[in-house]
Structure formats: structure tokens, C-alpha cells
Amino acid sequence: MNNCQKYKNCDEDDIIRMFCAYCRRTLRNAITDYYREQQRYAKHEKLFSDMKEAELNALSESYDCLIKESIFTIKGMEFSVKDSFLADGLSKLDTHLRAIILLYYFADWTDKEIAQYLSKPRSTIQYQRNHALHLLKNLLEKGEPQ
């Protein structure tokens, strides 16, 4: 028996009651899911007041780290990189590859815009960007933060 045949014999009040029951059941399930999710988060949550001094220090960063930044210049444009680990990795890249990464990720340029700016085909810029990301990933995985 499909739904159309099933509800032909029902009057409008019965259909409204079934719909309301469905809505209540759906809301009850949503509330149950929400409370279960909160319980899962609570199991992994750790209050700052419960942490030891060493754990708190590991979470904090000294003020000196926040003000150190590296400036990279590409054809008159300056890019500020505040993460010293990333800046170190970028400085080890070839100048051309570094320019592509900085223009794409820091200036939000597209591959087409970078290609026009550097007078190269878009596909070449895309390939070089992917290559530069691979090199940067390897540098960051092997290197130590300074």
C-alpha cells in the first residue's frame, strides 16, 4: 500500500495529527542529537583552570613572536608574513616561485592575473604554483622553526 492509498481513507484532522506527530518526533530527535554532540565535546574539553602551568605555557605565545614579521618585496609590492616558520620556508624558495605563492595566497590573485603580471602562460603559473607548494611543504616538514 503506497502513501496515496494509505491517506485516502484519512480525513484532514487525521493527516494534521500525523504531521504534528512527525514534527514532534523530528524535533525530539534533533534535540537528542544536539545533547549527544555536547556530551562528546565535553569529554574532550579541558578547562584552563584544570591545566598545569606547563600546559598553559605551551598554549601561549610570547609577545616577541607576535611582532616579528618578515617582509617580502615583489616588483615594488610588499608582503608581510608574521609566521617565522612560514617566512623561513618562503625565503628558501626560488624568487620566482616565492612571487607566485605570495601573489596567489597573500594578494588573492588568480593564476590568470599572475600570468599576465609575470608574462607567462596561465598553465605554466598553475604548474609552478603547485610545484612551489610541494617544495614549501617539504621544506616545512623537514625544517625546524627558528
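Since the model is a prediction, treat every value here as computed from it, not as a measurement. (Residues numbered from 1 in each chain as written. Predicted model: local features only at pLDDT ≥ 70, side-chain atom pairs only at ≥ 80, totals over all residues. Heavy atoms only, no water.)

A. Main features of the overall build of the protein chain. The helix and strand inventory of the protein chain stands at eight helices and two strands. Counting over 146 residues, the protein chain shows a buried share of 18%. Contacts in the protein chain between residues far apart in sequence, at least 24 positions, make up 47% of those at least 6 positions apart. Looking at the protein chain as shown, the accessible area adds up to about 11,700 Å², and 53% of this sits on carbon and sulfur atoms. (Helix = DSSP H or I, 4+ residues; strand = E, 2+ residues; numbered from the N terminus. Buried < 20%, exposed > 50% of the residue type's maximum accessible area, 1.4 Å probe, protein only. Contact = heavy atoms within 4.5 Å. Areas by Shrake-Rupley, 256 points an atom, 1.4 Å probe, with all protein chains shown as cover.)

B. Layout of the pairing of strand S2 (residues 77–81). Where strand S1 (residues 70–74) lies against S2, five bridges are found, and the strand directions are antiparallel. Bridge pairing in S2 links Ile-74 to Met-77. Hairpin connection, S1 to S2: the antiparallel pair is bridged by two residues, and Lys-75 has positive phi, about 45 degrees. (Pairing = 2+ DSSP bridges.)

C. The packing of aromatic side chains, seen in detail. In this structure the tally under the stated criterion is three aromatic pairs. When the ring of Trp-109 is compared with that of Tyr-117, the centres are 5.1 Å apart and the planes differ by 90 degrees; the resulting orientation is edge-to-face. The aromatic ring of Tyr-117 is capped on one face by Lys-75, whose charged end is 5.2 Å from the ring centroid. (Phe/Tyr/Trp six-rings, centres within 6.5 Å; stacked < 30°, edge-to-face > 60°. Lys NZ or Arg CZ within 6 Å of the ring centre and 35° of its normal.)

D. How the structure looks around the nonpolar core. Counting residues in hydrophobic clusters, the biggest one holds 19 residues, and the most contacted among them are Phe-72, Val-81, Leu-90, Leu-102, Ile-114 and Ile-125. For this core, the element with the highest residue contribution is helix H6 (residues 95–106), accounting for six residues. Every residue in contact with Leu-90, bar those within four places of it in the chain, is listed here: Phe-72, Val-81, Arg-98, Ile-101, Leu-102 and Leu-136. (Core = buried A, V, L, I, M, F, W, Y, C linked by side-chain atoms within 4.5 Å.)

E. Structural view of the environment of Arg-129. With respect to the helices, strands and loops of the structure, Arg-129 is situated in helix H8 (residues 122–142). What Arg-129 contacts, discounting residues up to four positions off in sequence, is Ile-100, Ile-101, Tyr-104, Tyr-105 and Asp-111.

F. Spotlight on unusual backbone geometry. Phi angles above zero are rare outside glycine, and Asp-108 is one such case at about 60 degrees. Within the element layout of this structure, Asp-108 appears in the loop between H6 and helix H7 (111–118). On the basis of relative accessible area, Asp-108 is assigned to the exposed category, the value being 64%. One non-glycine residue with positive phi stands out, namely Ser-119, at about 55 degrees. Relative to the assigned elements, Ser-119 resides in the loop between H7 and H8.

G. Inspection of the side chain of Asp-111 at higher detail. The residue Asp-111 is located in helix H7 in this model. Once residues lying within four places of it in the same chain are set aside, the contact partners of Asp-111 are Tyr-104, Arg-122, Ile-125, Gln-126 and Arg-129.

H. Local environment of the environment of Ser-84. Checked against the element boundaries, Ser-84 lands in helix H5 (residues 84–92). With 16 residues separating them in the primary sequence, Ser-84 and Lys-68 have C-alpha atoms 7.4 Å apart.

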